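Structure at a glance
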Amino acid sequence: MAAVCAPTEALAESRGHFYGTKSEYRRILWGDMIALVITLGFYRFWVTTNIRRYLWSRSEIAGEQLDYTGEAHELLLGFLVLIVVLAPLAVIFALFSWISAEYIAIAQIAPMLLLYPLAVLGFYQARRYRLNHTVFRGLRFRQTGSAWMYFLRVMLWTVIVTVTLGLAYPWARGNLERYKMRHTYCGDIQGGFVGSAWDLLKRGFLPWLAVMLLVLATLMVLGSADAELEEDPNQALGAVALVLLWFLIMALGFYPVFRAKVVRWRIGSMRFGPLSFATNFSTWRFYKPYLKFYGWMLLLGTVVGILNAVIQSQIIPKLPIGESIAVEITGIVCLVIAYFAIATIISFAFQGTVRFETWRLIVDSLQVRGVDRLERAQNSTGHAAHRKGRIGAALNLGGF
Amino acid sequence: MAPQAQGVALYFDGVTGTAHAVTVTLEESALLVTPSDATAPARWPYSTIERLPAPPGRLRLGFAYSESVARLEVRDPAFAGVVMQHLGLGGPQGLAQERRHRRLVILWTAGAIAAVLTIGITGLPTVAGLLAPLVPQAMEAKIGAAAHQQTLAQYKDGAPVLCGDEGERERAGRAAFQKLFDQLEPAARLPIPVRPFVVRTTTINASAFPGGIMHVNQGIILLANSPDELAGVIGHELGHMVHRHSLRGYLHNLGLTYLITLAAGEVFTGSSVFIAVVDVLANRNTRAQERQADDYGVDLTARIGIDSHAAANLWERYVRRMREKPTEEEKAGPRALLSNTHPAPLERAAAIRATPPVANLRPLLAEEEWQALRLVCSRN
């Protein structure tokens, strides 16, 4: 007879709770931020690990927190392996571009074409690493399945979704989620995914229609102005820039809504045996962190723009360029540090707003049914392969 | 035993997902975990215990250096304090360890950056020099042919790019050029024949490609005031060929790009800031190559008995010309020293003048031949 203690008693229905605070999280980020800039980004593996440790440990589901057991040096090792694998390819592409002028195009396009499969494979492997290093109630999660099979599915669905202008997305997403969840285990309990594509389509149809109409309207406006634009190439260029900016604003504006709908649908369709989940956060509360992030980015853009203008007009003309090597080396060092400082600020602004707040919102609004069934779950034996996926994990793809 | 040495906790044995209510007893060298159900007690030696991250007010323990995922959680703050004291664990200590860890990573990274730069500055040119002889001639010729075509494509605007083939005057100019060239090439004793081309562009330049292809631009022919000055230029380019600078430069550049972008983790998407670093290091190498080629040019011209200081006149004239008629790029402002692929022209001229002059001079071309050579790109 298992005597069940207070926090898990009669937990047929229970909730999630997030114990983290913004101030604690910020303290972790600040310390890491400086290290990240000084090490020219090399500290990122430790940052990732620190952030995950914090978010996992502060997330309580039905009275029990999650544990993240990954180690930064494993990610570093994965990164080094990745370099060893990819390095010969980089040399081959360079050789192509020397030997013949015709091959230059290949040498330039091939890496781009390679990045996509690499990103998809890396995503699946990174998910494997995260799950294999997540523990709940003394039970290990793990992911099986093949990254290549997942990649083939993604390729196929990408074509279909593109051809149908996104209408097939719910089916694509459902199929991919089913693949991922069926290959996900909590202890010996296999995961599952029961989401209905029609359901997601119903939830997302109106936003989809709105986007399509806006795109169509933009193209029509552009089409009617075509004749005028053809005469003045400068104006045409301006118009293209304006349209691209407009599309960017639309994408940024709609993305949080889209993601909120997909996340609610995904969580509601996840299963671990009899265990089911639901979440009912409001789209607006999901949207707010994105607005904050966009605001920070606007501020950063303005500050960097002003600083750049001041440096270009006031400081650089006064420097003895072409006279002192020391001044120039200092300049290069400043440039490199500025690059990493800006990249770090962008990344941490995202972590502090979107990552933290959406995570908190999801955990706090989580409803869980049937957690008591985990009492009977067991860790599968022979689970030594949990280091798998660290190469993909080194790419640091996928947030959750 | 003191009363605090015992308390309640929540326990997961790492085998099943069952939550056990347990009594924890602090023994001499281990924690004794006694479940209130029929499950067997467990003993956790202090030396194997690790504190895990948990919400404030909770003490969560697991095993360090172990595959076990057993967990013990104390939620009573008073007892948690006692256990921590017993284990020698404390908040500030953990933080200090984290800081030490961070400092270590920073130090190692600083070392790695220094190593990468050292390899980039001294190691790679050496490696490129060692690898260059291993590249087959056929492959070098192919690389050179591709670069030759690419360079010509830059000047293409409908007109033929090479001079010396359009009309009598061009052919006469070409013949004179060849006569001058043929007096220089044998002195270089290259293992492969050199194919010189006169390129129809006013850009003041000449270049040596892998596989024995040489470009001499119309611009530099018109800048030269004597056959000896032009011979100085050709001697310099032959120096590049003798030292296989072009191929070594390719190898060096490849190595640098490889080293810097890979070390930075940007495998295919080299960002401009790394390209800037690569350029600075690559330029450092080409400046050294140019000095070497200058030395060779002086040596070669002295050996065949012509004015080995003539190239210095050319560089000084080049500087005067640029002051009178600066290019668009020069009008924009001074160039950074680190961005120069060549040493400063006056510095080069001074280095050439510092060498001993040649006593008995002989003419390379007759005056009419020299005048004909200057018209090699005149198109009739």
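Quick note: structure is the one above.
Worth saying up front: this structure is predicted, and the values here are computed from it rather than measured.

On to the sheet that holds strand β6 (residues 59-63) of chain B, then. All names here are of chain B. The seven strands lie next to each other as β4-β3-β2-β1-β7-β6-β5, forming an open sheet whose pairing is antiparallel. Of all the strands in the sheet, the pair left with one neighbour each is β4 (42-45) and β5 (49-52). Neighbour-to-neighbour, the strand axes of this sheet turn through a mean angle of 35°, independent of strand direction. Alignment of strand β3 (residues 30-35) against β4, held across four bridges, turns out to be antiparallel.

Let's shift gears to the packing of aromatic side chains. Taken as a whole and judged by the stated rule, the model has 33 aromatic pairs over all chains. Their ring planes at 80° and their centres at 6.2 Å tell us that F42 of chain A and F79 of chain A sit as a pair that is edge-to-face. Taken as a pair, F42 of chain A in the loop between α1 (22-38) and α2 (44-57) and F79 of chain A in helix α3 (residues 72-99) lie far apart in primary sequence, 37 residues in all. Taken together, a centroid distance of 4.3 Å and an interplanar angle of 40° make the contact between W44 of chain B and F63 of chain B tilted. Residue W44 of chain B is located in strand β4, and its partner F63 of chain B is located in strand β6; the two are separated by 19 residues in the primary sequence. When sorted by exposure, W44 of chain B lands in the same class as F63 of chain B, which is buried. Joined through ring pairs, the aromatic side chains of Y169, Y255, F258, F281, F286, Y290, F293, Y294 and F350 of chain A make up one cluster. The ring of F79 of chain A carries R44 of chain A above its face, with NZ or CZ at 5.2 Å from the centroid. Between the NZ or CZ atom of R142 of chain A and the centre of the ring of Y185 of chain A, over which it lies, the distance is 4.4 Å.

So, on to a nonpolar patch on the surface. A surface patch of nonpolar side chains, amounting to about 860 Å² of accessible area, comprises W296, L299, V303, I306, L307, V310, I311, I315, I316 and L319 of chain A. Structurally, the position occupied by W296 of chain A is in helix α10 (residues 283-315).

In this model helix α9 (residues 233-269) of chain A runs 52 Å from its N-terminal to its C-terminal C-alpha over 37 residues, within 8% of the 54 Å that 1.5 Å per residue would give. The sharpest bend along α9 of chain A comes to roughly 30°, located at F254 of chain A, with the proline P256 of chain A sitting one to four residues further on.

What counts and what doesn't
Residues numbered from 1 in each chain as written. Chains lettered and ligands numbered in written order. Predicted model: local features only at pLDDT ≥ 70, side-chain atom pairs only at ≥ 80, totals over all residues. Heavy atoms only, no water. Pairing = 2+ DSSP bridges. Helix = DSSP H or I, 4+ residues; strand = E, 2+ residues; numbered from the N terminus. Axes fitted to C-alpha atoms, helices over the stretch in contact; angles between N-to-C directions. Phe/Tyr/Trp six-rings, centres within 6.5 Å; stacked < 30°, edge-to-face > 60°. Buried < 20%, exposed > 50% of the residue type's maximum accessible area, 1.4 Å probe, protein only. Lys NZ or Arg CZ within 6 Å of the ring centre and 35° of its normal. Patch = residues over 30% accessible without salt bridge, like charges linked within 9 Å, V, L, I, M, F, W, Y side chains within 5 Å. Areas by Shrake-Rupley, 256 points an atom, 1.4 Å probe, with all protein chains shown as cover. Salt bridge = Lys/Arg side-chain N within 4 Å of Asp/Glu carboxyl O. Expected span 1.5 Å × (residues − 1). Bend = angle between axes of the 7 residues up to and from the residue.

Note that all results are geometric; they support no functional claim without further evidence.
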